[in-house]
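Overview (structure and organization)
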Amino acid sequence: MNKTGRQTGRTGRAVLAVVTPVVLVTAAAVLVLSRVLDISTSAARLEMIRTALTIGAGTGALTTLVLALRRQWATEHDATERRLTDLYVKAIDQLGSDKPPVRHGALYALERIAQDNPAHRQTVVNLICAYLRGPWIPPTNRPAPRVGGLRKNRSTGLSSTDQGKREEHEVRNTASRILHRHLQRDPASRRPSPTFWPDIDLDLAGAVLVDFSLDHCAVRAATFAGATFTRDVTFAGAVFAGAVRFDRATFTGTCSFYQVAFKGTAWFASATFKRLTFFGSASFGVSAGFEDAVFEGFVLFEQATWSGDGTFVRTAFDEVSFDNTVFRRSARFKAATFTRLPTFREAELRAGGPDPLRPSSPFTDFTDARFVRGVPPEIRGFVDDTPG
């Protein structure tokens, strides 16, 4: 169908949309008025018809107004969507620029789009996360000497390669700060800030994150599977409403999960923690799995609470404290390794081993656990009573 034909079709549908209700309302008015009024004289019948036509005309005017407003809204909505699409395309193109200031500008443009358009916030967060997931090697801490044909930056003493890494580091810090700024909630305030973006999911699987922070942030669900956290990282006071994954993640610096609320499942399988790690006062809702995780530094689970199952199967601990922890359901330490003497002072552990007849019943399992420097007295009864 050509353009003229489509235009004629739209015009015909618009006329029909106005005429149909006018005819129906006019006919209904005639029917009603003929029953409630005395139309025994021709003058009365004429007045009735005039009244019915007036009602029909009013209906037509109202229908026309509604259609005009709807058409105007649709036009404005389409124009807004086109403008947002153009802004998206421009920002995405700028993120691929080789100039750091342009990439900074693209991130701030995306932030503005999300702040002004709540329906697009998850899309913007997805774009920022995709940028952070891009391949990247962090810069070294020392100025690199001249190697081969690499030129040094005269003002910084860095090679051009390392200078580029540091500039990219700043861009990535901007992306991380945008996420932190709009996911953080003030714990002292009952009402969230106007800049807070609720119900956001994060996908940072495999990302290399430097000085990353989500302290006191509220996130719906998140995956950091296979991510590398370089330098120190903090999630202190964060709330994860849904499932969160840190499996195969690597934490190279000090790591804090102090007072984090994991309301869904928390998965840390095969994660590596190289330095001091805090899980103090953290709360684990559904379940928390640390299967095959490796803690190379001191880790504190003091005053942490497990409402669901806590699983440390084949987990390797160097030095660990479970003082005052509460396991309301199962605590599985099967085949775990404790290089130094662990502490479980005043920890709440459920008595008994796994029951094949009641697989969902709470229990504590230290089967095949290895204590290099001996078993702490506070859990000796659980270790001795463990079958096998």
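In what follows, the structure referred to is the one given above.
Residues numbered from 1 in each chain as written. Predicted model: local features only at pLDDT ≥ 70, side-chain atom pairs only at ≥ 80, totals over all residues. Heavy atoms only, no water.

1. Quick notes on the overall build of the chain
Which entries qualify depends on this criterion: Each helix corresponds to a stretch of at least 4 residues labelled H or I by DSSP, and each strand to a stretch of at least 2 residues labelled E; elements are numbered beginning at the N terminus. For each residue, the accessible area found with a 1.4 Å probe, counting protein chains only, is set against the maximum for its type, and the residue is called buried under 20%, exposed over 50%, and partly exposed in between. When checking whether two residues touch, look at their non-hydrogen atoms; a contact exists if any pair is within 4.5 Å. Computed by Shrake-Rupley with a 1.4 Å probe, the accessible areas treat only the displayed protein chains as cover when residues are assessed.
Of the regular secondary structure elements, the chain holds six helices and 25 strands. Counting over 388 residues, the chain shows a buried share of 41%. Once local pairs closer than 6 in sequence are excluded, the contacts in the chain between residues at least 24 apart make up 32%. Summed over all atoms, the accessible surface of the chain reaches about 20,900 Å², with 55% contributed by carbon and sulfur.

2. Details of the side chain of threonine 325
Here is the rule: Pairs of N or O atoms are called polar contacts if they sit within 3.5 Å, as long as, within protein, a hydrogen donor faces a hydrogen acceptor (for residues adjacent in sequence, only side-chain-to-side-chain pairs).
Structurally, threonine 325 is set in the loop between strand 20 (316–321) and strand 21 (326–327). Residue classification places threonine 325 among the buried residues on the basis of a relative accessible area of 0%. Looking at threonine 325, its side chain comes within polar contact range of the main-chain oxygen of phenylalanine 322, at 2.7 Å. Contact partners of threonine 325, with chain neighbours within four places excluded, come to Phe301, Glu302, Gln303, Ala304, Trp306, Glu346, Ala347 and Glu348.

3. Some points on helix 3 (residues 100–116)
Note the cut-off: In a helix, the anticipated span is given by 1.5 Å times the number of residues less one.
The end-to-end C-alpha distance of helix 3, which contains 17 residues, comes to 25 Å, matching closely the 24 Å that a straight helix rising 1.5 Å per residue would cover. Buried residues of helix 3: Pro100, Arg103, His104, Ala106, Leu107, Leu110, Glu111, Ile113 and Ala114, and no others.

4. Things to note about the sheet that holds strand 16 (residues 287–289)
Convention followed: In this description, strands pair whenever DSSP reports at least two bridges between them.
Spatially, eight strands are ordered 1-4-8-12-16-19-22-24 in an open sheet, and the strand pairing comes out parallel. A strand with exactly one partner marks an edge of an open sheet, and here the two such strands are strand 1 (201–203) and strand 24 (364–365). The sheet contact formed by strand 22 (residues 331–332) and strand 24 spans two bridges and is parallel. When the bridges of strand 24 are listed, alanine 331 appears paired with threonine 364.

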